[in-house]
Amino acid sequence: MTYQDTLNWMFSQLPMYQKQGKSAFKKDLSNTLKLAKHLNNPENTFKSIHVAGTNGKGSSSHMLASILQEAGYKVGLYTSPHLKDFRERIKINGQEVSKQFVIGFIKRNKTFLDANKLSFFEMTVGMAFDYFAKQQVDIAIIEVGLGGRLDSTNIISPEVSVITNIGLDHTQFLGDTLEAIAFEKGGIIKPNIPVVIGETQKETMPVFKGLAKKNKSEITFADTEVIELYKSDLIGSYQSKNIKTVVQTIKIIQEKGYNISKENIKEGLNSVIRNTGLLGRWQVLNEKPKVVCDTGHNREGLNYVMDQLLNENYKSLHIVFGVVSDKDLSSIVDVLPKKATYYFCKPNIPRGMDAEALKQKMFAQNIKGDAYNSVNEAYKTAFQAAEKDDFIFIGGSTFVVAEII
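Residues numbered from 1 in each chain as written. Predicted model: local features only at pLDDT ≥ 70, side-chain atom pairs only at ≥ 80, totals over all residues. Heavy atoms only, no water.

## Focus: empty space enclosed by the protein
1) Next: Under the defined criterion, the tally for this structure stands at one cavity of 30 Å³ or more.
2) Next: Lining the largest cavity, in full, are T32, L35, A36, L39, P42, E43, E122, V125, G126, F129 and I155.
3) Next: At the level of elements, α3 (30-38) and α6 (120-134) are the ones that each hand at least two residues to the lining of the largest cavity.
4) Next: Looking at which element gives the most residues to the lining of the largest cavity, the answer is α6, with four residues.
5) Next: Partitioned by chemical class, the residues of the lining of the largest cavity number seven nonpolar, two polar and two charged. (1 Å grid on protein atoms, 1.4 Å probe; cavity = no way out; pocket = protein on both sides within 12 Å on 5 of 7 lines; lining within 4 Å. Points joined across faces, edges and corners; volume = space filled by probe spheres on them. Helix = DSSP H or I, 4+ residues; strand = E, 2+ residues; numbered from the N terminus. Nonpolar A, V, L, I, M, F, W, Y, C, P; charged D, E, K, R; others polar.)

Spelled out as structure tokens, the structure:
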């Protein structure tokens, strides 16, 4: 099998959330535990930091990796979804896993994967853990895929658990209140392992405190602990919350004996893109007209992005916008600016919402624009229509951004 054949096989296996949505959600960890045992429990051979949260978990994971790299550690980084290539999900010191390893892992384990009907996400987590173990990383930053309690990554015993914040996203799996979602994400809190919560929220604070108490876990709320301000090359005013979460997490692993200087923190936060290759966070693609893309796709994520837009100076605003079909538009529509020209498009995945349907739904909410056959056509039209003092924003879904960068 070539690399492409291998990916095609993986993507065609039991549900992959980004393509199919709800049917891809597993209700327990039995498959993951089975696979881990088959692989000789690689997750027990390396130290880790586990990162969950509705928004900011990807940026926070990359920031943590960058700081630890600056401190001289060999750092594994597991994140999802990918934007361009599957291998973005599994990195060591910013270098993607090789195509050969991906092919070899599937080839070696294909009989087992087939027999046990493992999902795309389960086998990807197994692959990441196997790779980090074989490469003998000093520590790995493991980002939760969805939720926490039942997520395939939740078989690790990390140095520290991190939950950035809680918002209403993926409610069809995690519950439709902040408290219910906090309980699912709080499932990564483990006995006697410290936990850092990024943002104090009145609805979720009692849930996290209760889980921490039950697990005898020391709990800290980063937004009330961290006073010092640090800058990052990840621009976007919303990153200030993630920075506090990361700085508090680093403080905890310093107490566990990790040798990380203030200079390492500063350098790491300023070199996230260079050290880790992170894409799609308030990423500037052009200057005149200014073009920015961002993967924020739920209410809170889009809120942060729209706040950032208010800091920009422009004549007219153009928004290239697409979403997935199970997106609850009513939860985001009031966050979106009415005074803008919209270019509606369907991300090129089965779960993408039809552009014409999106246009009609948005029109009913007084958000106006035209529908286009593809993300690229929508962007090209916006770029041609924009004057050099205008601003073009591309977003609504990770998958829209993936087609542009």
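Still to come is the rest of the account.
## Details of the sheet that holds strand β14 (residues 391-395)
1) Next: Spatially, β9-β10-β14-β11-β12-β13 is the arrangement adopted by the six strands of the open sheet, whose pairing is mixed. Looking at the sheet topology across the chains shown, the edges are occupied by β9 (283-286) and β13 (369-371). Going across the sheet, the axis of each strand differs from the next one's by a mean of 20 degrees, ignoring polarity.
2) Next: Alignment of strand β11 (residues 317-321) against β14, held across five bridges, turns out to be parallel. If you follow V320 over to β14, its bridge partner there is I394.
3) Next: Of the strands in this sheet, β9, β10 (290-293), β11, β12 (341-344) and β14 touch helix α16 (residues 375-385), which is tilted by about 175 degrees from β11. (Pairing = 2+ DSSP bridges. Axes fitted to C-alpha atoms, helices over the stretch in contact; angles between N-to-C directions. Contact = heavy atoms within 4.5 Å.)

## Some words on the pairing of β10
1) Next: Along β10, one buried face is formed by K290 and V292 and the opposite face, lined by V291 and C293, is buried too.
2) Next: Sheet topology note: the β9/β10 ladder contains three bridges and is antiparallel. When the sheet's bridge partners are listed, V284 is paired in β10 with V292.
3) Next: Between β9 and β10, which pair antiparallel and follow one another directly, the connecting turn spans three residues.
4) Next: Bridging between β10 and β14 involves four bridges; their strand directions are parallel. Paired with V291 across the strands is I392, a residue of β14. (Buried < 20%, exposed > 50% of the residue type's maximum accessible area, 1.4 Å probe, protein only.)

## Observations regarding the sheet that holds strand β5 (residues 139-143)
1) Next: Strand order in this open sheet of eight strands is β4-β3-β2-β5-β1-β6-β7-β8, and the pairing throughout is mixed. The strands lining the two open edges of the sheet, one partner per strand, are β4 (95-96) and β8 (219-221).
2) Next: Bridge analysis of strand β3 (residues 90-92) against β4 gives two bridges, and the strand direction is antiparallel. Along β4, the bridge assignment pairs I92 with Q95.
3) Next: Sitting on the sheet, α6 touches β2 (75-78), β3 and β5, and the angle it makes with β3 is about 15 degrees.
4) Next: The strands touched by helix α11 (residues 239-255) within the sheet are β1 (47-52), β6 (160-163), β7 (195-197) and β8, with β6 carrying the most contacts at an inclination of about 170 degrees.

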